[in-house]
Amino acid sequence: MSKIGFIGLGIMGRPMAGHLLAGGHEVFVLAASRQSAALVEAGARSCADAASLAAASDIIITMVPDTPDVEAVLFGPQGVAAGLAPGKIVVDMSSISPIATKTFAERINALGCDYLDAPVSGGEVGAKAASLTIMVGGPDAAFAKVKPVFELMGKNITLIGGNGAGQTTKVANQIIVALTIEAVGEALVFASKAGADPARVRAALMGGFASSRVLEVHGERMIAHNVTPGFRIELHQKDLNLALDGARALGVSLPNTATCQELFNAASAAGGAGWDHSGMVRVLERLANHEIGAA
């Protein structure tokens, strides 16, 4: 059993940390949040700041929204770096810039510690079910040590390559998810406006080559007009910004990724930054002047 510090107890982080606690590990969390209080009641130990959490832990996991948040948690005043000692492992499970990740890894390595970038896919559903896909970048030996911990949170766990490779894979994942959400949204708007029952259309498509997890989960959300967030539009916007910034740096054209970002932008402008990312369909509905399921 390991001593594990977990920073970032949001929609996904809280159940992830809960699985580690249930798996018998000693889990350390930051004190100042309602989410950490619930975990402390379940047996987690409370720490005043990230430095003391890192000092108490063998493995330190971060699960926060964006690149600046990771930098602040790791290297800010009383941050993780201030509590590290040689031999510890820092694992960032956030979805952030692959370029910044390589810099963060170098700074952590200089303190005698290993660094893994291990972003996840699966959303709130996967976090609660411990069925996340985990994409890892970093050294083989550190991955081998942390893999049993990953197995308490996810099912499909892959070491991609060196530091930054996990984040690069996550960006690729977010491109596919965004484009699939857009495709499912278009298909259901089209079918509904043509007079077909969208729920039956979805059920039929789930048995064919168009089947996907997005059609299964988000297609149902679209039909129910449920935008309660499992993964917020504003976070997917952040991920697509990483994709488009990277594409410019690499000289790669991502035309459909850019279209999806514009649809997310339109949803955000309409007050939907906090909607589930399947809420992109609301923009498609407005463009069609038709709501899915409307008579």
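Residues numbered from 1 in each chain as written. Predicted model: local features only at pLDDT ≥ 70, side-chain atom pairs only at ≥ 80, totals over all residues. Heavy atoms only, no water.

A. How the structure looks around the overall build of the chain. From N to C terminus, the chain includes 13 helices and 9 strands. Radius of gyration (C-alpha) of the chain: 20 Å, near the 19 Å computed for a compact globule of 295 residues. Summarising its shape, the C-alpha atoms of the chain cover approximately 65 × 45 × 35 Å along the three principal directions. In the chain, which comprises 295 residues, the share counted as buried stands at 49%. Considering only contacts within the chain whose residues lie at least 6 apart along the sequence, 67% involve residues at least 24 apart. (Helix = DSSP H or I, 4+ residues; strand = E, 2+ residues; numbered from the N terminus. Rg over C-alpha atoms; globule rule 2.2 N^0.38 Å. Buried < 20%, exposed > 50% of the residue type's maximum accessible area, 1.4 Å probe, protein only. Contact = heavy atoms within 4.5 Å.)

B. Local environment of the packing of aromatic side chains. Across all of its chains, the model carries 2 aromatic pairs by this definition. Relative to F104, the ring of F75 has its centre 5.8 Å away and its plane inclined at 55°; by these criteria the two rings are tilted. Residue F75 is found in helix 4 (residues 67-75), and its partner F104 is found in helix 5 (residues 98-109); the two are separated by 29 residues along the sequence. A ring pair is formed by F143 and F150, whose centres lie 6.4 Å apart and whose planes are at 40°; its orientation type is tilted. (Phe/Tyr/Trp six-rings, centres within 6.5 Å; stacked < 30°, edge-to-face > 60°.)

C. Expanded view of the packing of helix 8 (residues 165-193) against helix 11 (residues 233-250). Closest axis-to-axis distance for the helix 8/helix 11 pair is 9 Å, and the angle between their directions is 115°. Handedness of the crossing formed by helix 8 with helix 11: left-handed. Between helix 8 and helix 11, the contacting residues are V171, Q174, I175, V177 and A178 on the first element and H236, D239, L240, L242 and A243 on the second. In terms of residue class, the contact of helix 8 with helix 11 is built from 7 nonpolar, 2 polar and 1 charged. (Axes fitted to C-alpha atoms, helices over the stretch in contact; angles between N-to-C directions. Left-handed = near helix turned anticlockwise from the far one by under 90°. Nonpolar A, V, L, I, M, F, W, Y, C, P; charged D, E, K, R; others polar.)

D. Main features of the pattern of salt bridges. Counted according to the given criterion, the structure contains 9 salt bridges. When the shortest N-O distance is used, the salt bridge between E124 and K128 registers 3.1 Å. Separated by 4 residues within a single helix, E124 and K128 lie in helix 6 (residues 123-129), roughly one turn from each other. Accessibility expressed as a relative area gives 22% for E124, which makes it partly exposed. On the accessibility criterion, K128 (54% relative accessible area) is exposed. Ionic pairing is found between R232 and E234, a salt bridge with its closest N-O pair at 2.7 Å. Judged by relative accessible area, R232 falls into the partly exposed class, the value being 25%. A residue is classified by how much of its surface remains accessible, and E234, at 36% relative accessible area, is partly exposed. (Salt bridge = Lys/Arg side-chain N within 4 Å of Asp/Glu carboxyl O.)

E. Expanded view of the pairing of strand 6 (residues 114-117). As paired elements, strand 5 (residues 89-92) and strand 6 share 4 bridges and run parallel to each other. By the bridge assignment for strand 6, V91 is matched with L116. (Pairing = 2+ DSSP bridges.)

F. Seen up close, the environment of A258. Checked against the element boundaries, A258 lands in helix 12 (residues 255-272). Relative accessible area serves as the criterion here: at 31%, A258 is assigned to the partly exposed category. Each C-alpha atom of the pair A258 and L240 lies 8.0 Å from the other, and the pair is 18 residues apart in sequence.

G. Structural context of unusual backbone geometry. The backbone of Q78 sits at a positive phi, close to 55°, despite the residue not being glycine. Along the chain, Q78 turns up in the loop between helix 4 and strand 5.

H. Local environment of the side chain of H236. Following the sequence through the fold, H236 ends up in helix 11. Judged by relative accessible area, H236 falls into the buried class, the value being 0%. A distance of 3.0 Å separates a polar atom in the side chain of H236 from the backbone oxygen of Q174. Apart from the residues within four sequence positions on either side, H236 is in contact with Q174, V177, A178, F231, F264 and H277. (Polar contact = N/O pair within 3.5 Å; in protein donor to acceptor, adjacent residues only side chain to side chain.)

I. Inspection of helix 7 (residues 140-150) at higher detail. Residues A142, F143, V146, V149 and F150 constitute the buried set of helix 7. An end-on view of helix 7 places all buried positions within 105° of arc, on one side of the element. The exposed residues of helix 7 that point more than 90 degrees off its buried face are D140, A141, A144 and K145. (Arc of directions from axis to C-beta.)

J. Broad picture of the side chain of T62. Tracing the sequence through the fold places T62 in strand 4 (residues 59-62). Of the polar contacts made by the side chain of T62, one reaches the side chain of D92; its length is 2.7 Å. Not counting chain neighbours up to four residues away, the residues in contact with T62 comprise I7, V73, L74, V91, D92, M93 and S94.

K. Focus on the environment of T228. Its place among the elements puts T228 in the loop between helix 10 (213-224) and helix 11. By relative accessible area, which is 51% here, T228 ends up exposed. Measuring from C-alpha to C-alpha, the distance between T228 and R202 comes to 20 Å, with 26 residues separating the pair along the chain. Contact partners of T228, with chain neighbours within four places excluded, come to R221 and D276.

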